[in-house]
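Each chain, written out:
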Amino acid sequence: MNTIFLLLSQGWRVFATGLCFIFFGIGALCLAFIFVPLQTLTIKDKSKKEHVAQSIIQKAFLLFCQTMKFCGAIDYQFIGTEKLKSDKGCLIVANHPSLIDYVLIGSQLPQCDCLVKASIWDNFFIKGIVKAAGYIPNINPEQLLDSCSERLGSGNLLLVFPEGTRTKEQGEIALQRGASQIAVRTETDLRVIHISVSPSFLTKEKRWYQVPTVKPMFTVEVKERIVVKQFIEDACSLSLAARALNKHLNKVLFP
């Protein structure tokens, strides 16, 4: 009897997950071509337009997360999100175990710039949203640093996944130095967010329909704020400071 129940539950979660992703795709197109343009029609300032777009995205992400939870596809909990209210001009760094990590974090942040890989700008469903929100493409390293410095200097939050891609279930974890370089060269503190999901779901190695036998539980925990100034003062150069910071990030992101 228990086996039949588990199989039925798993089958429903496959259906619910697929339905939610269809909902996500349609919603992204509606946001890009209807809701965001209408809400920003009378706003001339580019920065204000982007902030309005990001606020709309936050509400849409929250609705998507609530829908996935209501349908029984996933469950989730947030810990320590009140810490984010005091963060201004801060780099948010998080580990990246699943496909919906950014959606979960973004659902809690009315304003959040994001560093996105180049392939996202070619995605039919998402490219309209990332352009409207003014997200920063990870293409030109020099232009990237200038754009990040400008956003952080304006008091914006900037979300970066230091791994650059979703965490592999097997093998050694390696952080790219992009987040550390940005933090050191712009002298910006970092806020650490740790995401865990049990059992694993929506990983790099698995398809969306490969759901576990029991409902996955996502835990998003807002952790310490790392003061970058100390790493800069303790190092002989900015490159060495970034290297030391990257080692520290590896410890706190993967305890």
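About the cut-offs
- Residues numbered from 1 in each chain as written.
- Predicted model: local features only at pLDDT ≥ 70, side-chain atom pairs only at ≥ 80, totals over all residues.
- Heavy atoms only, no water.
- Helix = DSSP H or I, 4+ residues; strand = E, 2+ residues; numbered from the N terminus.
- Salt bridge = Lys/Arg side-chain N within 4 Å of Asp/Glu carboxyl O.
- Buried < 20%, exposed > 50% of the residue type's maximum accessible area, 1.4 Å probe, protein only.
- Disulfide = S-S within 2.5 Å.
- Pairing = 2+ DSSP bridges.
- Axes fitted to C-alpha atoms, helices over the stretch in contact; angles between N-to-C directions.
- Contact = heavy atoms within 4.5 Å.
- Parallel < 35°, antiparallel > 145°, perpendicular 65-115°, else oblique.
- Left-handed = near helix turned anticlockwise from the far one by under 90°.
- Nonpolar A, V, L, I, M, F, W, Y, C, P; charged D, E, K, R; others polar.
- 1 Å grid on protein atoms, 1.4 Å probe; cavity = no way out; pocket = protein on both sides within 12 Å on 5 of 7 lines; lining within 4 Å.
- Points joined across faces, edges and corners; volume = space filled by probe spheres on them.
- Core = buried A, V, L, I, M, F, W, Y, C linked by side-chain atoms within 4.5 Å.
- Phe/Tyr/Trp six-rings, centres within 6.5 Å; stacked < 30°, edge-to-face > 60°.
- Lys NZ or Arg CZ within 6 Å of the ring centre and 35° of its normal.

Caption draft 1: Structural context of unusual backbone geometry. A cis amide bond links Ser198 to the next residue, Pro199, at an omega of -10°. Mapped onto the elements of the fold, Pro199 is located in the loop between strand E6 (190–198) and strand E7 (217–226). Residue Glu187 is not a glycine yet carries a positive backbone phi of 55°. Tracing the chain through its elements places Glu187 in the loop between helix H6 (178–186) and E6.

Caption draft 2: Main features of the pattern of salt bridges. All chains considered together, the criterion is met by eight salt bridges. Its salt-bridge partner being Lys46, residue Glu50 comes within 2.5 Å of it at the nearest N-O pair. Within this pair, Glu50 and its partner Lys46 are both found in helix H2 (residues 46–71), separated by four residues, close to a single helical turn. Since its relative accessible area comes to 9%, Glu50 is described here as buried. For Lys46, a relative accessible area of 57% corresponds to the exposed category. Each of Lys46, Glu50, Asp113 and Arg151 takes part in salt bridges that share partners, so that together they form one network.

Caption draft 3: How the structure looks around the state of the cysteines. Summed over the entire model, instances satisfying the criterion amount to zero disulfides. No disulfide involves Cys114; its sulfur sits 6.1 Å from that of Cys112, the nearest cysteine. On the basis of relative accessibility, which here comes to 3%, the residue Cys114 falls in the buried class.

Caption draft 4: Fine view of the sheet that holds strand E3 (residues 113–117). Across the sheet, which stays open at both edges, the seven strands sit in the order E1-E7-E6-E2-E5-E3-E4 with mixed pairing between neighbours. Strands at the two margins of the open sheet, each flanked by one partner only, are strand E1 (75–79) and strand E4 (136–138). Taken over all neighbouring pairs, the strand axes of this sheet differ in orientation by 25° on average, direction set aside. With eight bridges connecting them, E6 and E7 associate as antiparallel partners. Each residue of the ladder has a partner; that of Arg191, found in E7, is Arg225. Contacts between H6 and the sheet are confined to strand E2 (90–94), E3, strand E5 (157–160) and E6, with E2 contributing the most and set at about 165° to the helix.

Caption draft 5: The packing of H6 against helix H8 (residues 238–253), seen in detail. Between H6 and H8, the least distance of the axes is 8 Å, while the angle of their chain directions is 130°. Taken together, the axes of H6 and H8 are oblique relative to one another. Crossing angle aside, the handedness with which H6 passes H8 is right-handed. Where H6 approaches H8, its residues Ser180, Gln181, Ala183, Val184 and Arg185 are matched on the opposing element by Leu238, Ser239, Ala241, Ala242, Leu245, Asn246 and Leu249. Looking at side-chain class alone, the contact of H6 with H8 contains seven nonpolar, four polar and one charged residues.

Caption draft 6: Looking closely at empty space enclosed by the protein. This model, assessed by the stated rule, comprises two cavities of 30 Å³ or more. What the largest cavity holds in volume is close to 50 Å³. Every residue lining the largest cavity is listed: Gln54, Ile57, Gln58, Phe61, Tyr102, Gly106, Leu109, Cys112 and Tyr135. With four residues, H2 is the largest single contributor of residues to the lining of the largest cavity. Counted as a void, the second largest cavity has a volume near 30 Å³.

Caption draft 7: Quick look at the nonpolar core. Of all hydrophobic cores here, the largest spans 47 residues; its most connected members are Ile74, Ile100, Ile105, Tyr135, Ile193 and Phe218. Per-element accounting of this core gives the leading share, eight residues, to H2. Setting aside its immediate chain neighbours within four residues, Ile105 contacts Ala94, Leu159, Phe161, Ile193, Ile195 and Val220. Counting residues in hydrophobic clusters, the runner-up holds 25 residues, among them Val93, Leu115, Ala241 and Leu249.

Caption draft 8: Representation of the packing of aromatic side chains in the model. The tally for this structure, following the rule as stated, stands at eight aromatic pairs. Relative to Phe64, the ring of Phe21 lies with its centre 6.2 Å away and its plane at 40°, an arrangement referred to as tilted. On the criterion of sequence distance, the pair formed by Phe21 in helix H1 (residues 2–39) and Phe64 in helix H2 is long-range, its members being 43 residues apart. When its relative accessible area of 3% is taken as the criterion, Phe64 is described as buried. When the ring centre of Tyr76 is taken as origin, the NZ or CZ atom of Lys69, which lies over that ring, is 4.8 Å away.

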